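Residues per chain are reported as follows:
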Amino acid sequence: DAGVIQSPRHEVTEMGQEVTLRCKPISGHDYLFWYRQTMMRGLELLIYFNNNVPIDDSGMPEDRFSAKMPNASFSTLKIQPSEPRDSAVYFCASSLASGGNEQFFGPGTRLTVL
Amino acid sequence: DQQVKQNSPSLSVQEGRISILNCDYTNSMFDYFLWYKKYPAEGPTFLISISSIKDKNEDGRFTVFLNKSAKHLSLHIVPSQPGDSAVYFCAAYNQGGKLIFGQGTELSVKP
């Protein structure tokens with residue numbers, strides 16, 4: 001298995017632009033997670049899905065952030081409009097189940113908003 | 001509110017010696033803990049886990065110890081190797097099924 005795939009690996013954009021991050025989870029995994037890593041806040045959960053349905057989006061910082069999972073093999077995290085403080089590494093992870101199960105992480109997308 | 005804390009941002013150890021990484025948590029309801037290892041420009045990878053019904057779990061050179069009364073866990077790596085140099089994250093599942101991460105400890109193993 002190729003593992004969790006994320007694209008792009010790096011994204012540089014200007015403030016106000018829309019940014020879309022993409023994730024393909026491991027086949028057969030029912031749970032998909034989006035995390036953000038920053039120096040100040042560390043690794044924090046933004047949102048997670050179970051069987052393509054958003055379960056908990058309490059970590060999404062603002063309405064500028066949205067996430068979708070149209071099918072079991074694809075998810076997007078969108079920021080519109082982007083701001084410099086959104087600059088971070090965004091990770092996608094997937095797992096067979098929640099609570100007590102290993103999560104498999106993708107390589108991350110490094111986002112820089114100028 | 002930092003529910004999972006790794007108070008040492010960095011640790012330097014000589015090759016062949018033991019590395020001990022520490023982690024404290026505040027919520028006594030946490031019942032499953034994991035350690036992840038992260039290399040630069042890569043995502044975290046799972047290393048070892050422990051359930052609250054155990055106080056020790058071992059996998060090769062890696063051993064995790066859990067002290068529930070102290071709300072403390074530690075990861076022991078012995079013997080340490082240069083390839084172990086990475087950032088290590090402690091994490092705990094909360095009651096809602098979310099994984100809460102510590103801030104990480106950067107381990108440097110010197111030849």
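The model shown is predicted, which means the values in this text are computed figures rather than measured ones.

Rules behind the numbers
Residues numbered from 1 in each chain as written. Chains lettered and ligands numbered in written order. Predicted model: local features only at pLDDT ≥ 70, side-chain atom pairs only at ≥ 80, totals over all residues. Heavy atoms only, no water. Contact = heavy atoms within 4.5 Å. Buried area = accessible area lost by both parts, 1.4 Å probe. Salt bridge = Lys/Arg side-chain N within 4 Å of Asp/Glu carboxyl O. Polar contact = N/O pair within 3.5 Å; in protein donor to acceptor, adjacent residues only side chain to side chain. Helix = DSSP H or I, 4+ residues; strand = E, 2+ residues; numbered from the N terminus. Patch = residues over 30% accessible without salt bridge, like charges linked within 9 Å, V, L, I, M, F, W, Y side chains within 5 Å. Areas by Shrake-Rupley, 256 points an atom, 1.4 Å probe, with all protein chains shown as cover. Core = buried A, V, L, I, M, F, W, Y, C linked by side-chain atoms within 4.5 Å. Buried < 20%, exposed > 50% of the residue type's maximum accessible area, 1.4 Å probe, protein only. Disulfide = S-S within 2.5 Å.

1. Section: the interface of chain B and chain A
Stage number 1. Taken residue by residue, the interface counts 17 residues in chain B and 22 residues in chain A.
Stage number 2. Together chain B and chain A conceal approximately 1,500 Å² of surface at their shared face, both sides included; 54% is due to carbon and sulfur atoms.
Stage number 3. Taken together, the links from chain B to chain A amount to one salt bridge.
Stage number 4. A salt bridge links K98 of chain B to D56 of chain A; the shortest N-O distance between them is 3.0 Å.
Stage number 5. At the boundary of chain B and chain A, one finds seven residue pairs in polar contact (both at pLDDT 80 or more).
Stage number 6. If you list the elements that add at least two residues to the side of chain B that touches chain A, you get β4 (32-38), β9 (86-93) and β10 (99-101) of chain B.

2. Notes on a nonpolar patch on the surface
Stage number 1. Taken together, I18, I20 and V78 of chain B make up a surface patch of nonpolar side chains, about 230 Å² in accessible area.
Stage number 2. Here I20 of chain B lies in strand β3 (residues 19-25).

3. Some details on unusual backbone geometry
Stage number 1. Cis peptide bonds are those with omega within 30 degrees of zero, and the linkage from S7 of chain A to P8 of chain A qualifies with -10 degrees.
Stage number 2. The omega angle of the peptide bond from V78 of chain B to P79 of chain B is -5 degrees, so this bond is cis rather than trans.
Stage number 3. You can see P79 of chain B is positioned in the loop between β8 (72-77) and β9.
Stage number 4. Its identity as a non-glycine residue notwithstanding, N51 of chain A has a phi of 50 degrees, on the positive side.
Stage number 5. Here N51 of chain A shows up in the loop between β5 (42-50) and β6 (53-56).
Stage number 6. With a phi angle near 75 degrees, N52 of chain A is a residue other than glycine that sits in the positive phi range.
Stage number 7. Its place among the elements puts N52 of chain A in the loop between β5 and β6.

4. Side note on the nonpolar core
Stage number 1. Ranked by internal contacts, the top residues of the largest apolar core, which has 24 residues, are F33, W35, L73, L75 and Y88 of chain B.
Stage number 2. Among the secondary structure elements, those contributing two or more residues to this core are β3, β4, β5 (45-51), β7 (62-67), β8, β9 and β11 (105-110) of chain B.
Stage number 3. At four residues, β9 of chain B tops the list of elements feeding residues into this core.
Stage number 4. Core analysis: the second largest hydrophobic core is formed by 21 residues, V19, L46, F49 and L77 of chain A among them.

5. Let's talk about the state of the cysteines
Stage number 1. Going through the model one piece at a time under the given rule, you end up with two disulfides over all chains.
Stage number 2. Here C23 of chain A engages in a disulfide with C92 of chain A; their sulfurs sit 1.9 Å apart. The sign of the -65 degrees torsion about the S-S bond sets the C23 of chain A-C92 of chain A disulfide as left-handed. Placement of the pair is C23 of chain A in strand β3 (residues 19-24) and C92 of chain A in strand β9 (residues 88-95), with a sequence separation of 69 residues.
Stage number 3. Residue class for C23 of chain A comes out buried when judged on its relative accessible area of 1%.
Stage number 4. C23 of chain B shares a disulfide with C90 of chain B; S-S distance 2.0 Å.

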